[in-house]
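The residues making up each chain are set out below.
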Protein chains: 2
Amino acid sequence: MELVIVGSLALDTIEAPAGRVENEVGGSATYASLAASYFTKPGLVGIVGTDFPPEQKKAFEAHGINLAGMQIAEGKTFRWGGRYSPHLDQRETLFTELNVFEKFSPELPESFQSAPYVLLANIQPDLQHHVLDQIVGKPFVAVDTMNLWINTALESLKRLLHRTDLLIVNDEEAKMLTGETGYGAAARALQNMGPRWLVIKKGQHGALLFGPDEAVFSAPALVYSRVTDPTGAGDAFAGGMLGYLAQTGDTGFATLRRAVIHGSVMSSFAIEDFSATGLLSLKSSALENRYAKFQEIANF
Amino acid sequence: MELVIVGSLALDTIEAPAGRVENEVGGSATYASLAASYFTKPGLVGIVGTDFPPEQKKAFEAHGINLAGMQIAEGKTFRWGGRYSPHLDQRETLFTELNVFEKFSPELPESFQSAPYVLLANIQPDLQHHVLDQIVGKPFVAVDTMNLWINTALESLKRLLHRTDLLIVNDEEAKMLTGETGYGAAARALQNMGPRWLVIKKGQHGALLFGPDEAVFSAPALVYSRVTDPTGAGDAFAGGMLGYLAQTGDTGFATLRRAVIHGSVMSSFAIEDFSATGLLSLKSSALENRYAKFQEIANF
């Protein structure tokens, strides 16, 4: 196995201008694993309750996702509800029921422990540490996080950054972590905290990839994209990016640039439909065409 | 002559974190003409007072700028004073003295009237109309504007857009003109007002070029750039862009993409030093290296 993905598995209720869905499978590990599955056969580590829909397990398996690290605990699956504003630019959390997730302790099956790529999708930093403690060897470690952990678990998160090869944050998180408003200054500050590589996601402005010695890649965003439900956009980005790295087995700057675009491609599919529906059953020609769109928009 | 540039000529007093300059030559036509002069020998149309420094006229001439359309009127040159915030992201106008500019009526010398490229740099839209009324033939007309004219001369500006091939606006102006917050929707609305081509400048996020049939080009911004004085960044962008178009004699999408990058290059030099100093005496190797930096940051 080339890539291990650790994160949340949830049943989401989402309200958006285009409609409403109830108890649809979501969570950071769901989006990331499905996105990564187009490049490699990732191993998923997470926890669900006994109410988790069996057909969803089958969907994961149909995507080649290894579920040996998926714990099924007595009780209900983590549930989350959110509502988007009319222009989809703001989100309000309606409810969070941790349920079995509250006692989650990620355990890596032996076959997962020597994977050369690890994606710590968005969960509590202490759990992310616990995953790394079980790792054998020196994998390429990518970390995603969120404002909640910056506010409530900053010390643990900062220690984690010293164990991180690639940090993936958004605009707001970069500012929260560094206090810097300019991208160059924020990147320098974040790289000084540990990670050699850094991605700052800028929503409709694309993404920036930072490497050693002020190396920068600026990835565009699509302009005329269809957005139905932004949930999971960042997780799909991280999954697509790491899936591509695991597939190529390389982490040079040129490969990382293309990985950012593959992440953007998967993210663009994720938001076209509710929940993770946009990431199901994509044809390779659809992925290639979308990648070509990014080339077309950036080429000069 | 391939390119006529009409705009303001001013003596600026600028306060920024790096220092203060007084009565330095500025104005939209100054920045745009100097930027364009690296690609073509533009004709400048504007007005100054008898106090305009003779050495500045010589600097224009040394850059190959044709001053046959520069009026010298009895009185003082237009003066403007501004102060930047510590992070250079906000600007406060300290004073505006129109002086001879108040009675400016741009007159095109006969040798200017058949130029195939016209840049109407930022001035009152009625004056921009008056320039077009003197034009012979069907030039490629580029228009720059600002929030002041959107607020005070909207009707005239809207009529002007029907005579415009390329509109250059920033983020805020695009929103003011259309009420749209998404770039795709704003572009559609602006293109419906007349211009076939549209550039939306996004500051630290680069720029978007829109063409017919939802054609889009996303240009990156440099991240580790040095900024001393942002005054004239937009004018230098427009001048570099139109200068390059005039040099190539082509307005296809591929050429326009490269023109946006050349505009970004000139803009990046303009802001490195106070007033227009950053646009003086640049070596062609410096321009090429800067262009290559944009390629490096965008390439994947």
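Up top you'll find the structure we're talking about.
The structure contained in this document is the topic of the report that follows. Everything quoted here is computed from the prediction, not taken from an experiment.

**What about the interface of chain A and chain B?**
It is common to give the size of an interface as the accessible area that goes away when the parts come together. Between chain A and chain B, the residue contacts involve 29 residues of the former and 29 residues of the latter. In total, chain A and chain B occlude about 2700 Å² of area from one another, counting both sides; carbon and sulfur atoms represent 62% of this. For chain A, the biggest contributors to the area lost against chain B are His-205, Tyr-224 and Phe-300 of chain A; these three give 32% of the whole. The tally of links from chain A across to chain B stands at 0 salt bridges. For the pair chain A and chain B, the number of links is 8 residue pairs in polar contact (both at pLDDT 80 or more). Where the side of chain A that touches chain B is concerned, the elements lending two or more residues are helix H7 (183-192), strand E12 (207-210), strand E13 (216-219), helix H9 (253-270) and helix H10 (284-298) of chain A. Per element, the largest residue contribution to the side of chain A that touches chain B is 6 residues, and it comes from H10 of chain A.

**Quick notes on the sheet that holds strand E5 (residues 66-73) of chain A**
All names here are of chain A. Taken together, 9 strands build an open sheet; the order of strands is E5-E4-E1-E8-E9-E10-E11-E12-E13 and the sheet is mixed. Bordering the open sheet on either side are E5 and E13, each of which pairs with just one other strand. Across the sheet, the axes of successive neighbouring strands diverge by a mean angle of 15°, strand direction being ignored. Note that strand E9 (residues 140-144) and strand E10 (residues 166-170) share 3 bridges and pair parallel. Opposite Asp-144, over in E10, you have Ile-168 as the bridge partner. Against the sheet, helix H8 (residues 233-248) touches strand E1 (3-6), strand E8 (117-120), E9, E10 and strand E11 (197-201), its axis set at about 175° to E8. The strands touched by H9 within the sheet are E9, E11, E12 and E13, with E13 carrying the most contacts at an inclination of about 20°.

**What about the environment of Asp-133 of chain B?**
Residue and element names in this part refer to chain B. The residue Asp-133 is located in helix H3 (residues 125-133) in this model. Each C-alpha atom, one on Asp-133 and one on Lys-58, is 30 Å from the other, the two residues being 75 residues apart in sequence. Among the polar contacts listed, one links the side chain of Asp-133 to the side chain of Arg-163, at a separation of 2.9 Å.

**A short note on the sheet that holds strand E6 (residues 79-84) of chain B**
All names here are of chain B. Pairing within the open sheet is mixed, and its 4 strands lie in the order E3-E2-E6-E7. The open sheet has two edge strands with one neighbour each: strand E3 (19-26) and strand E7 (91-97). On average, adjacent strands in this sheet sit at an angle of 15° to one another, irrespective of strand direction. Sheet topology places strand E2 (residues 10-16) next to E6; 5 bridges connect them, and they run parallel. Its bridge partner lying in E6, Ile-14 is registered against Gly-82.

Calculation notes
Per chain, residues are indexed from 1 in the order of the written sequence. Ligands are numbered from 1 and chains lettered from A, in the order in which they are written. For a predicted model such as this one, the threshold for reporting local features is a pLDDT of at least 70, and the threshold for listing and counting side-chain atom pairs is 80 or more; totals across whole chains, interfaces and linings nevertheless cover every residue. Based on all heavy atoms of the structure, the side-chain values leave hydrogens and waters out of the count. Throughout, a contact is declared for two residues whenever any of their heavy atoms are within 4.5 Å. What counts as buried area is the accessible surface, traced by a 1.4 Å probe, that two parts surrender upon association, with contributions from both included. In the sections that follow, a salt bridge refers to a side-chain nitrogen of Lys or Arg positioned within 4 Å of a carboxyl oxygen of Asp or Glu. Pairs of N or O atoms within 3.5 Å make up the polar contacts considered here, provided that, within protein, one atom can donate a hydrogen while the other can accept it, and that residues adjacent in sequence are counted only when both atoms are side-chain atoms. The helix and strand labels rest on DSSP assignments: H or I over at least four residues marks a helix, E over at least two residues marks a strand, and numbering proceeds from the N terminus. Two strands qualify as a pair provided that DSSP identifies no fewer than 2 bridges between them. Note on geometry: axes are C-alpha line fits, over the in-contact stretch for helices, and angles between N-to-C directions span 0 to 180 degrees.

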